[in-house]
Every structure is written in structure tokens, then in C-alpha cells.
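One letter stands for each residue in the lines below.
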Amino acid sequence: MPEDKGTIDFLWNPKLPALSSSLENGNHKMGSTSSLWLPQNKLIDGLFVPPKDPKKINKLQRKRLKDTTGKKWFEMSAPKITPELKKDLEILKLRSVIDPKRHYKKSDSKTLPKYFQVGTMVEPVSEYFSSRLTRRQRKATLTDELLSDRGFHQYRKRKVSEIEDERRTASGSKRVVARG
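Scoring rules and cut-offs
Residues numbered from 1 in each chain as written. Predicted model: local features only at pLDDT ≥ 70, side-chain atom pairs only at ≥ 80, totals over all residues. Heavy atoms only, no water. Salt bridge = Lys/Arg side-chain N within 4 Å of Asp/Glu carboxyl O. Helix = DSSP H or I, 4+ residues; strand = E, 2+ residues; numbered from the N terminus. Buried < 20%, exposed > 50% of the residue type's maximum accessible area, 1.4 Å probe, protein only. Patch = residues over 30% accessible without salt bridge, like charges linked within 9 Å, V, L, I, M, F, W, Y side chains within 5 Å. Areas by Shrake-Rupley, 256 points an atom, 1.4 Å probe, with all protein chains shown as cover. Lys, Arg positive; Asp, Glu negative; His and termini not counted. Charge placed at Lys NZ, Arg CZ, Asp CG, Glu CD. pLDDT = per-residue confidence, 0-100. Contact = heavy atoms within 4.5 Å.

**Q** I keep staring at the pattern of salt bridges and nothing clicks. Help me out?
**A** In a structure, side chains of opposite charge can pair up when their charged atoms sit close to one another. For the structure on display, the rule yields 6 salt bridges. Across the salt bridge formed by Arg-138 and Glu-123, the nearest N and O atoms sit 3.6 Å from each other. Remark: Glu-123 occurs in the loop between helix H3 (95-98) and helix H4 (142-148) and Arg-138 occurs in the loop between H3 and H4; sequence separation between them is 15 residues. Residue classification places Glu-123 among the partly exposed residues on the basis of a relative accessible area of 30%. Among the salt bridges present, the one from Arg-158 reaches Glu-162, with a minimum N-O distance of 3.5 Å. Of the two residues, Arg-158 and Glu-162 are both situated in helix H5 (residues 150-173); the distance of 4 residues between them amounts to about one turn of the helix. Relative accessible area serves as the criterion here: at 44%, Arg-158 is assigned to the partly exposed category.

The structure is reproduced here in C-alpha cells:
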């Protein structure tokens, strides 16, 4: 079966309903099959006419606007929050607990941010041997990176044991032995 590879066939058959116009009271009204996007009652002579009510106009304009931060923030869009991204954002909120040497300003909001961007750190060529992470040390998420860090693991273990010792001594001194 030799095929001719020199020709390209391209067929375009749009699947549009047939336009049916009928004369009723001197006006042309489109049938229910011809209104592709809007119901028959919102079309006037087959055309969409915006409502005169200002509340409805504002509602239509809000639907058309993209969910962005605005012109001053370069139209940053709201990303889709995945479970991994949610964990990373929660860790960033608790960053004051992670590093004992750094102190951060207290976060005002208790909710996760709506608009943000995630990037990738690219080391300059000058830091190739000094402070570069190897492929084995690089992780996909911030959570994985923290779990693989030995310094953080030791700090966390020490803090947990301190809290447990503190609770043991506090609960031991409050015991009241009832003598009968």
C-alpha cells in the first residue's frame, strides 16, 4: 500500500446547528437550536443585548475579569493550590520555629495567601564549588528539603525532648497523693 506523503488533507467541518429563521409578528427570531451560548429569552433579534440594570452589568464585568492582583502587581494570577504547595506554604508560615537563630515578624493573617509565585533558585557560576547544592541534596519541595536536613533533625529532636522533660517535671510536681 504505497501512500503519497507529499499531500496533506485537511478537512474542517464545524458542528454548528442550522439557522432557522421564521417570521413572527414581523420580527426575525432565532429558533432554540440556533442560540449557541445564551437561551432564547436573552437574545433580541439573534443578538445579545446587555442588561440595563447596573447591578447585572457589574456582575457581568466581574465574571469577565481574570482573577489577578491588578496592574500594580503585574497582573499576577492566583495559582492552583496543590497539597504539596499547601504544605510548603504552611511551613513558610512556621519558619520562625524552624531556625532558632533567625527571628521573623509575626504573621498577621491566619489564612494562606491567595496570590503568590513559586520560583527556582539558580546559583551563579561563581558559586559552583563553594555553596552549591548537589543533585542528591536538591529536593522537589521545601518539606522534603527540611526532612533531609540533619541540622534541622537534631534541633527538632532536642526541642521535643526539652518540651517532654519540662512537661514531666511540671506534671510530677502537681501530683497530689491522696492518703486514705
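**Q** Which parts of the structure should I look at to understand a positive patch on the surface?
**A** Residues Lys-56, Lys-59, Arg-62 and Lys-63 make up a contiguous surface patch of positive charge. Looking at where Lys-56 falls in the secondary structure, it is placed in helix H1 (residues 54-64).

**Q** In this structure, what is going on with unusual backbone geometry? I would like to understand it.
**A** Comment: phi is negative for the bulk of residues other than glycine, and the bulk of peptide bonds are trans. Positive phi is not limited to glycine here, since Phe-74 has a value of about 60°. Relative to the helices and strands, Phe-74 is located in the loop between H1 and helix H2 (83-93). Classification of Phe-74 as exposed rests on a relative accessible area of 76%. Despite not being glycine, Glu-75 has its phi angle at roughly 55°, a positive value. Of note, Glu-75 is situated in the loop between H1 and H2.

**Q** I tried to follow the confidence of the model for the protein chain on my own but got confused; where do I start?
**A** For any part of a model where pLDDT is low, the fine detail of the predicted coordinates should not be relied upon. For the protein chain, per-residue confidence averages 77 on the pLDDT scale, and 69% of positions sit at 70 or higher. Mean pLDDT values over the elements of the protein chain span from 45, in strand S1 (residues 21-24), up to 92, in H2. Confidence drops under a pLDDT of 50 for residues 21-36, and excluding neighbours within four residues, the segment shows 27 contacts in the predicted structure.

**Q** I tried to follow the environment of Tyr-104 on my own but got confused; where do I start?
**A** Checked against the element boundaries, Tyr-104 lands in the loop between H3 and H4. Using a relative accessible area of 33% as the deciding quantity, one classes Tyr-104 as partly exposed. Between the alpha carbons of Tyr-104 and Leu-94 there is a distance of 9.8 Å; along the sequence they are 10 residues apart. Excluding its chain neighbours within four sequence positions, the residues that come into contact with Tyr-104 are Arg-95 and Ser-96.

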